[in-house]
Amino acid sequence: MESLHLPNIKWICPTAPTRPVSSLGGYTCTAWFDIGEISEDSHDDLEGLDASASHIANLLSSEPADVKVGIGGFSMGAAISLYSATCYALGRYGTGHTYPINLRAVVGLSGWLPGWKSIRNKIECSYEAARRAASLPIILTHGTADDLVPYRFGEKSAQSLGMAGFRQAVFKPYEGLGHYTVPKELNEVVQWLTTRLGLEGSR
């Protein structure tokens, strides 16, 4: 992360907890939440999502009030980042407990949005949720040749965010890219963060 050449940025890079993962036959490994398969009919591990979103929020809660806080990740990390974005907009976790962080930017690389089917209805039910959703910059990137998290799920996630009122969500496809990152992708994320967080004058 230090090689991204972003000024005045403090990186906090937590490791996911160890848990059994259904898609791996119950094998125990680091994972932000349990997942069986990535499909339109799969069930989200809401308990695991809330626990991880809360853990990450707690890591950020000690930052000074004037610090612009963002969340980002790759694959499952992207999924928990996008889920955190919806928690921020709704003002609460799925459990109903208050979401405490004022997010200013969200980055999701080669991931997907858990709960994408219901987010629009949830946001539309609250003026404050709609306002927060409209104000939150989000960037999603995805390779068209991703064989682990298929491209269509990244594209569908971006569409779902847009339809739910996340007006500043942008989606960037990368032709032929698999489930990994490339310098061009990271450079574009750096430029996006520089613009969205107002870092131009800090170089």
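Our subject in this report is the structure included herewith.

The rules we used
- Residues numbered from 1 in each chain as written.
- Predicted model: local features only at pLDDT ≥ 70, side-chain atom pairs only at ≥ 80, totals over all residues.
- Heavy atoms only, no water.
- Helix = DSSP H or I, 4+ residues; strand = E, 2+ residues; numbered from the N terminus.
- Rg over C-alpha atoms; globule rule 2.2 N^0.38 Å.
- Buried < 20%, exposed > 50% of the residue type's maximum accessible area, 1.4 Å probe, protein only.
- Core = buried A, V, L, I, M, F, W, Y, C linked by side-chain atoms within 4.5 Å.
- Contact = heavy atoms within 4.5 Å.
- Phe/Tyr/Trp six-rings, centres within 6.5 Å; stacked < 30°, edge-to-face > 60°.
- 1 Å grid on protein atoms, 1.4 Å probe; cavity = no way out; pocket = protein on both sides within 12 Å on 5 of 7 lines; lining within 4 Å.
- Points joined across faces, edges and corners; volume = space filled by probe spheres on them.
- Nonpolar A, V, L, I, M, F, W, Y, C, P; charged D, E, K, R; others polar.
- Pairing = 2+ DSSP bridges.
- Axes fitted to C-alpha atoms, helices over the stretch in contact; angles between N-to-C directions.
- Parallel < 35°, antiparallel > 145°, perpendicular 65-115°, else oblique.

A look at the overall build of the protein
Then, number 1: Across its full length, the protein holds 6 helices and 6 strands.
Then, number 2: For the protein, the α and β elements follow one another from N to C terminus as β-β-α-β-α-β-α-α-β-α-β-α.
Then, number 3: Taken over C-alpha atoms, the radius of gyration comes to 16 Å for the protein, in line with the 17 Å a tight globule of 203 residues would show.
Then, number 4: Taking the principal axes of the C-alpha coordinates as reference, the protein spans close to 50 × 40 × 30 Å.
Then, number 5: The proportion of buried residues among the 203 residues of the protein is 44%.

With respect to the nonpolar core
Then, number 1: Counting 43 residues, the largest nonpolar core has Phe33, Tyr99, Leu103, Ile123, Ile138 and Phe166 as the members making the most contacts within it.
Then, number 2: Those elements giving two or more residues to this core turn out to be α1 (46-60), β3 (69-74), α2 (76-90), β4 (103-109), α3 (119-124), α4 (127-135), β5 (138-143) and α5 (151-163).
Then, number 3: When residues of this core are assigned to their parent elements, the largest contribution, 10 residues, is made by α2.
Then, number 4: Leaving out residues up to four positions away in the same chain, isoleucine 123 has contacts with Ala89, Leu90, Ala129, Ala130, Ala133, Ala164 and Phe166.
Then, number 5: By size, the runner-up hydrophobic cluster in this structure holds 11 residues, among which are Val107, Trp192, Leu197 and Leu199.

What to know about the packing of aromatic side chains
Then, number 1: Under the counting rule described, the total for this entry stands at 3 aromatic pairs.
Then, number 2: Between tyrosine 93 and tyrosine 99, the ring centres sit 5.3 Å apart and the planes meet at 70°, which makes this aromatic pair edge-to-face. Accessibility classification places tyrosine 93 together with tyrosine 99 in one group, the buried group.
Then, number 3: Aromatic side chains tyrosine 151 and phenylalanine 171 sit 5.7 Å apart centroid to centroid with 50° between the ring planes, which places their arrangement in the tilted category. One end of the pair, tyrosine 151, is in helix α5; the other, phenylalanine 171, is in strand β6 (residues 169-174), and 20 residues separate them in sequence.
Then, number 4: Residue classification places phenylalanine 171 among the partly exposed residues on the basis of a relative accessible area of 24%.

Observations regarding the layout of surface pockets
Then, number 1: Empty space within the largest pocket amounts to approximately 1,100 Å³.
Then, number 2: Lining the largest pocket are 39 residues, and of these Trp11, Ile12, Gly70, Ile71 and Gly72 lie nearest its centre.
Then, number 3: No other element matches the 6 residues that β3 contributes to the lining of the largest pocket.
Then, number 4: Residues that form the lining of the largest pocket fall into these classes: 27 nonpolar, 8 polar and 4 charged.

Quick word on the sheet that holds β6
Then, number 1: If you trace the 4 strands from one edge of the open sheet to the other, you get β3-β4-β5-β6, paired in parallel fashion. Only two strands of the sheet have a single neighbouring strand rather than two, namely β3 and β6. With direction set aside, neighbouring strand axes in the sheet form an average angle of 10°.
Then, number 2: Across 4 bridges, β4 lies against β5 in parallel orientation.

Some thoughts on the packing of α2 against α4
Then, number 1: At a minimum axis distance of 7 Å, the contact between α2 and α4 shows a crossing angle of 135°. Between α2 and α4, the crossing angle belongs to the class labelled oblique. Along its contact with α2, which presents Tyr88, Ala89 and Leu90, the element α4 presents Glu128, Ala129, Arg132, Ala133 and Ser135.
Then, number 2: Residue classes in the contact of α2 with α4 are distributed as 5 nonpolar, 1 polar and 2 charged.

The quantities given are spatial measurements derived from coordinates; they are silent on function.
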